[in-house]
Amino acid sequence: MGRFSKMHGLGNDFVVIDARAQAIDMTEARARAIADRHAGIGCDQLILIGNAADADVSMQIFNADGSEVEACGNATRCVPLFVGRDVLIRTKAGLLDAKSVDGGASVDMGAPRFDWDAIPLAYPMDTLTMGASWEELPAPAAVNVGNPHVIFFVDDLDGVNFDRLGPLIEHDPLFPARVNVNFAQVVGDDHLRLVVWERGAGLTRACGTGACATAVAAIRRKLMTGPVTVSLPGGDLVIDWAPGGTIRMTGPATHVFDGEADWDRF
Ligand SMILES: N[C@H](CCC[C@H](N)C(=O)O)C(=O)O
């Protein structure tokens, strides 16, 4: 039998498996089966913690649809709680420094990237105000924070049909690696509301990399200067960034319970 921890960051929930202690052959199909909320354990993302030659641990991230991706901000904040100390984490997006703070963690998420081919987009385009539109939505921004994000700043977040526009944009051929779709509303000085349709997971209660990408886009557009409070359905994150620097994300991390499972059954 294998062991796992159920954890979350502002309701964005994870099954976390310590692959240092147990051999597990993770495939896209097995990740999807584990994440299934009806026939599996259920989570937005599956997280494998492993050994790393150049860091304290490695972190692999699988979306609920089974796709392996580069970054997950909310899960990164859970790693110090999971391993019991501050850690340097090797991910597909680079080395991340995660330190415990009261009730959660503060993480240096690295530097954002803005070039069209770093997002990536299918062809050259300005990524601060993109020359692309979807129905009534305003021209978005695009930012890569280890994973790809498109950000729409709207006047009325409650009037957006997330379930219709989210998948339409996630799968648009302009995004050859698909994309996380962020819908944001400025609600005060250095304060945003944000709802995210996540690539490979759909609507979640919070998205850490989405909060990072959206705060960076707001600062780039001079809508605010930061540190930015990002209010997601599951709660608040604080994002600090200045042009030319790396992004610091601070917020809660929660351990819910530990369990056992026979991984060969998935
Ligand atoms: N859906 C994302 C991965 C999880 C990101 C999110 N849960 C976070 O906290 O950053 C992607 O496909 O890039």
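Residues numbered from 1 in each chain as written. Predicted model: local features only at pLDDT ≥ 70, side-chain atom pairs only at ≥ 80, totals over all residues. Heavy atoms only, no water.

1. Thoughts on the overall build of the protein
Logical step 1: Each helix and strand counted, the protein has four helices and 17 strands in total.
Logical step 2: Rg of the C-alpha trace for the protein: 18 Å, near the compact-globule value of 18 Å for 266 residues, within the 12% margin.
Logical step 3: Overall, the protein is about 50 × 35 × 30 Å in size when its C-alpha atoms are taken along their principal axes.
Logical step 4: In the protein, which comprises 266 residues, the proportion classed as buried is 55%.
Logical step 5: Carbon and sulfur atoms make up 49% of the accessible area of the protein, which totals about 10800 Å².
Logical step 6: Separation of charge centres in the protein, based on 22 positive and 35 negative side chains, amounts to 3 Å. (Helix = DSSP H or I, 4+ residues; strand = E, 2+ residues; numbered from the N terminus. Rg over C-alpha atoms; globule rule 2.2 N^0.38 Å. Buried < 20%, exposed > 50% of the residue type's maximum accessible area, 1.4 Å probe, protein only. Areas by Shrake-Rupley, 256 points an atom, 1.4 Å probe, with all protein chains shown as cover. Lys, Arg positive; Asp, Glu negative; His and termini not counted. Charge placed at Lys NZ, Arg CZ, Asp CG, Glu CD.)

2. Structural notes on the packing of aromatic side chains
Logical step 1: Applying the stated criterion across every chain yields a total of eight aromatic pairs.
Logical step 2: Judged by centre distance (6.2 Å) and plane angle (70 degrees), the ring pair of Phe114 and Trp241 falls under edge-to-face. In this pair, Phe114 sits in the loop between strand E8 (104-108) and strand E9 (141-144) while Trp241 sits in the loop between strand E15 (235-240) and strand E16 (248-252), placing the two residues 127 residues apart along the sequence.
Logical step 3: Summarising the aromatic geometry, the rings of Trp134 and Phe175 are spaced 6.0 Å apart at their centres and angled 15 degrees between planes, so their arrangement reads as stacked. (Phe/Tyr/Trp six-rings, centres within 6.5 Å; stacked < 30°, edge-to-face > 60°.)

3. Some thoughts on the nonpolar core
Here is a general trend for soluble globular proteins: nonpolar side chains tend to be buried in one another's company.
Logical step 1: Grouped together as the largest cluster of nonpolar side chains are 49 residues, with contacts concentrated most on Val230, Leu232 and Ile239.
Logical step 2: Of all the elements, helix H4 (residues 208-220) adds the most residues to this core, at eight residues.
Logical step 3: The two domains that each donate at least three residues to this core are domain 1 (2-108) and domain 2 (116-251).
Logical step 4: Setting aside residues no more than four positions away along its own chain, Ile239 makes contact with Ala211, Cys212, Ala215, Pro227, Val228, Val230, Ile247, Arg248 and Met249. (Core = buried A, V, L, I, M, F, W, Y, C linked by side-chain atoms within 4.5 Å. Domains from an automatic or database assignment. Contact = heavy atoms within 4.5 Å.)

4. Some details on the pattern of salt bridges
Logical step 1: Considering all chains together, one arrives at 16 salt bridges under this definition.
Logical step 2: Between Asp13 and Arg37 there is a salt bridge whose closest N-O contact spans 2.6 Å. Here the residue Asp13 occupies a position in strand E2 (residues 12-18), and Arg37 occupies one in the loop between helix H1 (28-35) and strand E3 (45-50), the gap between them amounting to 24 residues. (Salt bridge = Lys/Arg side-chain N within 4 Å of Asp/Glu carboxyl O.)

5. Structural notes on the pairing of strand E12 (residues 191-198)
Logical step 1: Of all eight residues in E12, six are buried, a share of seventy percent or more.
Logical step 2: Taken together, the seven bridges between strand E11 (residues 180-188) and E12 define a ladder with antiparallel strand orientation. If you follow Val181 over to E12, its bridge partner there is Trp197.
Logical step 3: Hairpin connection, E11 to E12: the antiparallel pair is bridged by two residues, and Asp190 has positive phi, about 55 degrees.
Logical step 4: Sheet analysis places E12 next to strand E14 (residues 228-232), joined by three bridges and oriented parallel. Bridge pairing in E14 places Leu192 opposite Val230.
Logical step 5: Pairing of E12 with strand E13 (residues 202-203) involves two bridges; the strand directions are antiparallel. Across the sheet, the residue bridging to Trp197 is Leu203, located in E13.
Logical step 6: Linking two consecutive strands that pair antiparallel, namely E12 and E13, is a turn of three residues; a positive phi of about 75 degrees is found at Gly200 within it. (Pairing = 2+ DSSP bridges.)

6. Topic: the UniProt feature "active site" (unreviewed entry) in the protein
Logical step 1: The UniProt entry lists Cys72 and Cys207 under the feature "active site" (unreviewed entry), expressed in the numbering used here. Taken along the chain, the residues just named run across 136 residues; in space they keep tight, none of their C-alpha pairs more than 7.7 Å apart.
Logical step 2: The topology assignment puts Cys72 in the loop between strand E5 (68-69) and helix H2 (73-83).
Logical step 3: A residue is classified by how much of its surface remains accessible, and Cys72, at 6% relative accessible area, is buried. (UniProt positions renumbered as here; feature names shortened; annotations may be inferred.)

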